[in-house]
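Fold and contact review
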Amino acid sequence: MARALVTGGNRGIGYAIAQGLIARGVDVVIGVRDAQAGAAVAETLGCAWVHLDLEAPETFYPAIAAAGDIDILINNAGILIEDSMIYNPDGLRRSMQVMFHAPFDLICGVLPYMTRAGAGRIINLTSGWGAYDEGMEGPGGYGVAKAALNALSYALPRDLPPGVSVNAMCPGWVHTRMGGNAAPRTPEEGADTAIWLALDAPGDVTGKFFRDRQEKAW
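What this report covers is the structure whose coordinates are included nearby. Keep in mind that what you see is a predicted model, and the values were worked out from it rather than measured. (Residues numbered from 1 in each chain as written. Predicted model: local features only at pLDDT ≥ 70, side-chain atom pairs only at ≥ 80, totals over all residues. Heavy atoms only, no water.)

Thoughts on the pattern of salt bridges
In plain terms, the rule: A carboxyl oxygen of Asp or Glu within 4 Å of a side-chain nitrogen of Lys or Arg is what we treat as a salt bridge. Numbering of helices and strands runs from the N terminus, with a helix taken as a DSSP run of H or I at least four residues long and a strand as a DSSP run of E at least two residues long.
Under the criterion given, the structure shown has 7 salt bridges. As a salt-bridge pair, D27 and R3 come within 3.0 Å of each other at their nearest N and O atoms. Separated by 24 residues along the polypeptide, D27 in strand β2 (residues 27-32) and R3 in strand β1 (residues 3-7) bring together distant segments of the chain. Of the charged contacts in the structure, one is a salt bridge between E134 and K216, with a shortest N-O distance of 2.8 Å. Placement of the pair is E134 in the loop between β5 (120-125) and α5 (142-155) and K216 in the segment after β8 (214-215), with a sequence separation of 82 residues.

Quick word on unusual backbone geometry
Residues other than glycine predominantly adopt negative phi, and peptide bonds predominantly adopt the trans conformation. Despite not being glycine, M136 has its phi angle at roughly 50 degrees, a positive value. For M136, the location among the structural elements is in the loop between β5 and α5. Not every positive phi belongs to a glycine, and D212 is a case in point at roughly 50 degrees. Relative to the elements of secondary structure, D212 occurs in the loop between β7 (209-211) and β8.

Examining the side chain of T59
To keep it simple, the criterion reads: For each residue, the accessible area found with a 1.4 Å probe, counting protein chains only, is set against the maximum for its type, and the residue is called buried under 20%, exposed over 50%, and partly exposed in between.
Topologically, T59 is positioned in the loop between β3 (48-51) and α3 (60-67). Judged by relative accessible area, which is 10%, T59 ranks as buried.

Considerations on the pairing of β1
Inclusion rule: Pairing between two strands requires that DSSP report at least two bridges joining them. Handedness of a crossover is defined as follows: orient the strands so they point away from the viewer, and if the path from the first strand over the helix to the second runs clockwise, the crossover is right-handed.
β1 sits mainly inside the fold: 4 of its 5 residues count as buried. As judged from the 5 bridges shared by β1 and β2, these two strands associate in the parallel manner. Within the sheet, the bridge partner assigned to L5 lies in β2 and is V29. For the crossover that starts at β1, traverses helix α1 (residues 12-23) and ends in the parallel β2, the hand is right-handed. As paired strands, β1 and strand β4 (residues 72-75) are joined by 3 bridges and run parallel to one another.

Points about the sheet that holds β3
Consider a sheet: its strands pair through backbone hydrogen bonds, and that pairing is either parallel or antiparallel. Rule in force here: For this analysis, residues touch if any pair of their heavy atoms sits within 4.5 Å. For helices, the axis comes from a line fit to the C-alpha atoms of the stretch in contact; other axes are also lines fit to C-alpha atoms, and the angle between any two N-to-C directions lies between 0 and 180 degrees.
Ordered in space as β3-β2-β1-β4-β5-β6-β7-β8, the 8 strands form an open sheet in which the pairing is mixed. Two strands lie at the open edges of the sheet, namely β3 and β8, each paired on one side alone. As paired elements, β4 and β5 share 4 bridges and run parallel to each other. Note on β5: the bridge partner recorded for N75 is N124. Helix-sheet contacts for α3 involve β1, β2 and β3, and the interaxial angle to β3 is about 160 degrees. On top of the sheet, helix α6 (residues 187-199) reaches β4, β5, β6 (164-169) and β7; it is set at about 160 degrees to β5, its chief contact.

Side note on α3
Short version of the rule: Along the arc lie the directions from the helix axis toward the C-beta atoms.
Residues F60, A63, I64 and A67 constitute the buried set of α3. Along the long axis of α3, the arc covered by the buried residues comes to 95 degrees, so they all point the same way. Those residues of α3 that are exposed and angled more than 90 degrees off the buried face are Y61 and A66. Looking at the buried residues of α3, the elements they touch are β1, β2, β3 and α4 (89-117). Just downstream of α3 lies G68, where phi reads positive at about 90 degrees.

See below:
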């Protein structure tokens, strides 16, 4: 049975991803910042959880060690800080930590097992707001951090071991706490492509950017 680690799996798109993977027979571990809330959600889902605060790198190694051998890493968790990068430079720093540095550190953390296994799938949840093709429209540090994660997803295959893939996907505008009530898509619709990349996409697909299971321009 494959095992997946889903960051931010206690709500929104992450919850829908975890729920969808569990329904497909995957052994899921959700990474959560709030241990009490995470434990309650994990009980509801019927999965394991680990304390994982993407702004606290000291939590990364213990979380990966507790999660065990990870076949599928889904870097889902994110933050949206819309302030001007000039007037709130800390907002950019936090955005980069949560949506670029932490995902990269987690990738490095799970790679030793994936390398030994000769297989692994890494899925980075990014955004059209971080796509040059769509005008880099993301506010504040959000679009910059997502663009960096897009670039990592594009370039990383050259350094990954055989059998390990990495892809980026945009869930679209989803009705979540971040997306707001006006968003037209459900969390399940937003989660679909991540689940497809984790389980159903051809294994040799890597370094690509998807929305609704269709490759899109960077």
